[in-house]
Amino acid sequence: MIIEPVTRIEGNAVIEVKDGRVYFKVLEFRGFEKFLEGRNFEYVPMITARICGFCPVAHAVASARAIENAFGIEISERAEDLRRVLLLAQTVQSHALHLFFLALPDYFKTDSFAGVPKDLVSLGVELRKVANRIVGSIAVRPIHPEVIVGGVARDIGKKIQLNDLKSLLNTLVSKIDDLNILKEGEVLSETAYLSLNTGGKIDFYGETLKGYNGEFFEFRPEDYGDYIEEKVESYSFTKFPYLKGKVCRVGPLARLNLTEVDTDIAKDLSEEFKEVRHETLLYNYARLVEIIYCLEKIVEILENIRSGEIRQVVKPKEGVGVGVVEAPRGTLIHHYEFDSKGLLRKANLIVPTTINNTAINHDLNVMYKKGEEDFEKIVRAYDPCLSCSTH
């Protein structure tokens, strides 16, 4: 059996059942790590932002953060706040696209968003519109955004109306009962999890990495190589990472399993994840919780934004740096090595869908052995970005 293409995901993939095994094949190849070599540091965030159209902000911020780590630069508190807003707004637009247009048709037994209630579709459109406006206000444009090494491109614009954000949040909360269908799901496997955090709290621009493989542990982003091992398989261009030797998952489910939510409405909804949950389809409910969290947190940050210059002059030097952020789909790692002129010698990128790729393949094989064949719904739960995964 061959399913080609896998529908309602970003990128191209094939599911093949052969000789009693299921293969999730990603056959595109792009080569960003290689053609970044030799580039001046100033252009690297601009180039990596082109890896993905759904999470360009995450790549640009992780890239800038890795460069700053290599050069020993600390950005201002205000620039840090604005980067957090960028990451949160990007997550709203990405989650809204997936949830309301790609995932919900599965729950309403339809092939496209045309079969989803119109009020939910309209809400998804409005969420994306407002979130993209925020990204464009700070990073010039929502697609191919500009994130500057040493800060951000722009300060927050006057076009961002907090009352509009609060109104949109209230509308979304009023639809919670209609979206309780997202709580369905079964445990296909118990996996490890990985996420950034700050003091145990959810933070897309966090300080340390928190993992779970039956027990909780933390480590510095610079030490990721001691915990994450990447393997390859001949049938896919996407690698197969493991966390301490275990199948690992990242993204909304991992974040809510590993961290505390510190905003009012989302905190109550996150009680579903008080204990570690392994149901794959709960990824979609976790996205709903995170959209609410992101809206609440954006309002909180902008009402209390800290002072400081939005960017600074950067002088390159020889060094190695690691930058990690939480992209909508999970933990994103950029690792760079520069020469004394600020030219990139080597790059290693580990993106969320690459980490989840191992779990996707594992889930599909568990389903097949149980006699279940709703493979695409499970793949979509991860919201894979296959362009990112092969970068």
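About the cut-offs
- Residues numbered from 1 in each chain as written.
- Predicted model: local features only at pLDDT ≥ 70, side-chain atom pairs only at ≥ 80, totals over all residues.
- Heavy atoms only, no water.
- Core = buried A, V, L, I, M, F, W, Y, C linked by side-chain atoms within 4.5 Å.
- Buried < 20%, exposed > 50% of the residue type's maximum accessible area, 1.4 Å probe, protein only.
- Contact = heavy atoms within 4.5 Å.
- Pairing = 2+ DSSP bridges.
- Helix = DSSP H or I, 4+ residues; strand = E, 2+ residues; numbered from the N terminus.

(A) Just the nonpolar core, in detail. Counting residues in hydrophobic clusters, the biggest one holds 123 residues, and the most contacted among them are Ile-15, Phe-24, Phe-100, Leu-127, Tyr-336 and Leu-364. The contact partners of Leu-127, leaving out residues within four places of it in the chain, are Val-92, Ala-96, Phe-100, Leu-168, Ile-291 and Leu-295. Formed by 16 residues, the second largest nonpolar core is a distinct cluster that contains Leu-194, Leu-243, Cys-248 and Val-324.

(B) Up close: the sheet that holds strand 2 (residues 14-18). Spatially, 1-2-3 is the arrangement adopted by the 3 strands of the open sheet, whose pairing is antiparallel. The open sheet terminates on both sides in strands that have one partner only, identified here as strand 1 (2-3) and strand 3 (21-25). Judged from the 2 bridges that link them, strand 1 and strand 2 form a sheet pairing that is antiparallel. Counted as the bridge partner of Ile-2 is Glu-16 from strand 2.

(C) Highlighting unusual backbone geometry. Here the residue pair Glu-4 and Pro-5 is connected by a cis peptide bond, since its omega of 0 degrees sits within 30 degrees of zero. Tracing the backbone shows Pro-5 in the loop between strand 1 and strand 2. At His-144, a position not held by glycine, the phi torsion is positive, near 55 degrees. Along the chain, His-144 falls in the loop between helix 5 (118-139) and helix 6 (162-173). A positive phi angle, close to 50 degrees, is found at Lys-244, a residue other than glycine. Structurally, Lys-244 can be placed in the loop between strand 8 (240-243) and strand 9 (248-249). Overall, Lys-244 belongs to the partly exposed group, its relative accessible area being 42%.

Remember, this is a structural readout, not a statement about activity or role.
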